Every structure is written in structure tokens, then in C-alpha cells.
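# Overview (structure and organization)
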Amino acid sequence: MQPQPILLYRRRWTLVFQVPFVLLMAVCLAFSLYWASVSNDRLLTALCLCAAFVSFCVGGTLGRSALEAYREQDPAVVIDATGITDLRQDDPHTVTWEAMERAHLDDYEGVILVKLRPGHRDSARGVIVKALKRWQQRGDVVFALGGLAHDPRQIHTALKAFHAAAATRARAGL
């Protein structure tokens, strides 16, 4: 029996922590720019401008992330009978169960590691590139679960069940 599809959404409760920090960064930016404008010391002006730049970068990045998490209502990752689909990118891609040799949840890193079945027409260069990618990322395809609300036991169980069902279908020739 197939398990229910798993829809992973962004954690919206993190906005509680991100929004005040973004506001703090905005205050730091304003304070740094103010002191840079009224200071007569070149060193203090340079330090204030550097602090303003860092505040802008950190606050802007976190602010954009918080805005995306607030706006996003659709799931970010879908695990169902067809495979694993990452919808966070402009061009969502699905890795089918039939294409996977193995799918493993690494809860410590917060990722799903997928090892693809070897291709029949891989060139020597393609094999080397895949081996290097697998060595670097620990998998051919990596689905990051950071910032997504998920239950590791449920994902682990679903990965096993969906992969076993695909293997059964392949053996049956369906």
C-alpha cells in the first residue's frame, strides 16, 4: 500500500524571529549611516560605512527570505508516488523513483540524498563528473530540507515505501 504524499512547506513561524532581527539590522544601518555622516574622523567613517554595508547585506538577505516565506503558500518539496519534486526553483524538477538507486534522509544535515542508477551511455568524462559530484555532495541529487517543516520519521518511512513500491513495479514489468 502506497503511503500518502508528503508536502513540505516553509516554516512560517521563523518569521517571528526574522522580522525583529531585520528591523534591528535596519536600525543598525540607519545608526551607522548617521555616524558616518557626522563623523570627522576618517577611520570612524570607514568603520561606520563597513557596518552599514554589513547591516544592509544581512538585513536584506533575511528580509527577502522572510518575505518569501510569508508569501509562499504552495509546498516547497513534494514526495509522492512519481518521485521527489523540488518546487523552490524557477524550473522545478522531479526525480522519479525508477531513476533512483537509493534515497536516504540525512537528518543531521537536513537533506535527502539521492543516488541515481548508472546510465547505460555514460562517457568516461560523465562518470568522473558524477563521481566527483557524488563525493562532494554525498549524492547525485540533494534535496535540502533546511527551513522546511518536516517530520524525519515520516519522510524516512515514505522514502522506503515509495522506493520499495517502485522496485516492485520494475520487477513486475509495469
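Located above this text is the structure these notes cover.
Let us look at the structure shown here. (Residues numbered from 1 in each chain as written. Predicted model: local features only at pLDDT ≥ 70, side-chain atom pairs only at ≥ 80, totals over all residues. Heavy atoms only, no water.)

Backbone hydrogen bonds hold the strands of a sheet together, and the pairing may be parallel or antiparallel. Strand order in this open sheet of three strands is β5-β6-β7, and the pairing throughout is antiparallel. Each end of this open sheet is capped by a strand with a single partner; those strands are β5 (100-106) and β7 (141-144). Within the sheet, the average angular offset between the axes of one strand and its neighbour, ignoring direction, is 15 degrees. Looking at chain direction, β5 and strand β6 (residues 111-116) are connected through six bridges and run antiparallel. By the bridge assignment, M100 is partnered in β6 with L116. Strand contacts of helix α4 (residues 152-172): β5 and β6, with the helix running at about 170 degrees to β5, the strand carrying the most contacts. (Pairing = 2+ DSSP bridges. Helix = DSSP H or I, 4+ residues; strand = E, 2+ residues; numbered from the N terminus. Axes fitted to C-alpha atoms, helices over the stretch in contact; angles between N-to-C directions. Contact = heavy atoms within 4.5 Å.)

Compared with an ideal rise of 1.5 Å per residue, which puts 24 residues at 34 Å, helix α1 (residues 15-38) spans 34 Å between its outermost C-alpha atoms and is within 8% of the ideal. Looking at the buried positions of α1, the neighbouring elements they touch are α2 (42-71). (Expected span 1.5 Å × (residues − 1).)

What follows is about the packing of aromatic side chains. Under the criterion given, the structure shown has three aromatic pairs. Plain terms: the ring middles of Y34 and W35 are 5.8 Å apart, the flat faces sit at 75 degrees to each other, and that makes the pair edge-to-face. For W35, a relative accessible area of 36% translates into the label partly exposed. Consider the rings of W97 and F162, whose centres lie 5.6 Å apart with planes at 20 degrees: the pair is stacked. In this pair, W97 is assigned in the loop between β4 (93-96) and β5 and F162 in helix α4, connecting sequence segments 65 residues apart. (Phe/Tyr/Trp six-rings, centres within 6.5 Å; stacked < 30°, edge-to-face > 60°. Buried < 20%, exposed > 50% of the residue type's maximum accessible area, 1.4 Å probe, protein only.)

Core analysis: the largest hydrophobic core is formed by 22 residues, its most contacted members being I79, I84, W97, I112, V114, I155 and L159. Among the elements of the structure, β1 (6-8), β2 (77-80), β5, β6, β7 and α4 are those that each provide at least two residues to this core. If one sorts the elements of this core by residue count, α4 sits on top with five residues. Apart from the residues within four sequence positions on either side, I112 is in contact with I79, I84, H104, L105, V141, V142, F143, L145, I155 and L159. (Core = buried A, V, L, I, M, F, W, Y, C linked by side-chain atoms within 4.5 Å.)

Turning to the pairing of β2, a few remarks are in order. Two faces belong to every sheet, and in a regular strand the side chains alternate between them. Covered by surrounding structure in β2 are V77 and I79 together with V78 and D80, the residues of both alternating faces. In this structure, β1 lies alongside β2, joined through three bridges in antiparallel fashion. When the bridges of β2 are listed, L8 appears paired with V77. Of the pairings in the sheet, the one linking β2 to strand β3 (residues 83-86) comprises four bridges and is antiparallel in character.

Once that is clear, we can look at a nonpolar patch on the surface. Taken together, the side chains of F21, L24, F53, V54 and V58 make up a nonpolar region of the molecular surface, amounting to roughly 440 Å² of accessible area. When contributions to the nonpolar patch are tallied by element, the ones reaching two or more residues are α1 and α2. Here the nonpolar patch takes three residues from α2, the largest share from any one element. Mapped onto the elements, F21 comes out in helix α1. The exposure class assigned to F21 is partly exposed, which follows from its relative accessible area of 35%. (Patch = residues over 30% accessible without salt bridge, like charges linked within 9 Å, V, L, I, M, F, W, Y side chains within 5 Å. Areas by Shrake-Rupley, 256 points an atom, 1.4 Å probe, with all protein chains shown as cover. Salt bridge = Lys/Arg side-chain N within 4 Å of Asp/Glu carboxyl O.)

Further remarks concern the sheet that holds β3. Pairing within the open sheet is antiparallel, and its four strands lie in the order β1-β2-β3-β4. Each having just a single partner strand, β1 and β4 make up the two edges of the open sheet. Across the sheet, the mean angle separating the axes of adjacent strands is 10 degrees when strand polarity is ignored.

Looking at chain direction, β3 and β4 are connected through four bridges and run antiparallel. Bridge pairing in β4 places I84 opposite V95.

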